[in-house]
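Structural characterization, general
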Amino acid sequence: PDDWYIAYVDTETHLMRCSAYIVTASNTVLEAEEDPHAIRYDHYTSLSGVPIADEWSFWSWKTDKGLTEQLGEASLSNIRFLSPEQEAFNIPSDAVELK
């Protein structure tokens, strides 16, 4: 709940170019802010008229410098929209609520 995200959007295409973020899962906000990361979205493809970035790169990120060190990359393939049955959204009978 204490994570934050900064979206960088191309003002001409209105596509997301990059998003910086922190993850506080096992850290405090101050600890997480010592090592923020970013995802850069490249090569958009259109699927049923919806633009989807199918090439991503993962970076270390600094407020004053932006992207600093590339950490990895990923590509998406076989992207498709599904029409799941309503049952796919039902809560399983053995589900446990985490607090």
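Every value quoted in this text rests on a predicted model; they were computed, and no experiment measured them.

Some thoughts on the sheet that holds strand β4 (residues 50-62)
The sheet built from five strands is open, its strands ordered β1-β2-β3-β4-β5 with antiparallel pairing. Each of the sheet's edge strands pairs with one partner strand only, and the pair in question is β1 (5-9) and β5 (66-75). Across the sheet, the axes of successive neighbouring strands diverge by a mean angle of 25 degrees, strand direction being ignored.

A look at the packing of aromatic side chains
Evaluated as defined, the whole model comprises four aromatic pairs. Between the aromatic rings of W4 and W61, the centroid separation amounts to 6.0 Å while the plane-to-plane angle is 65 degrees, which identifies the pairing as edge-to-face. Of the two residues, W4 sits in the segment before β1 while W61 sits in strand β4, which places them 57 residues apart along the sequence. With relative accessibility at 23%, the residue W4 sits in the partly exposed group. For W61, a relative accessible area of 4% translates into the label buried. Ring geometry for Y5 and Y21: centres 6.3 Å apart, planes at 25 degrees, overall stacked.

What counts as what
- Residues numbered from 1 in each chain as written.
- Predicted model: local features only at pLDDT ≥ 70, side-chain atom pairs only at ≥ 80, totals over all residues.
- Heavy atoms only, no water.
- Pairing = 2+ DSSP bridges.
- Helix = DSSP H or I, 4+ residues; strand = E, 2+ residues; numbered from the N terminus.
- Axes fitted to C-alpha atoms, helices over the stretch in contact; angles between N-to-C directions.
- Phe/Tyr/Trp six-rings, centres within 6.5 Å; stacked < 30°, edge-to-face > 60°.
- Buried < 20%, exposed > 50% of the residue type's maximum accessible area, 1.4 Å probe, protein only.

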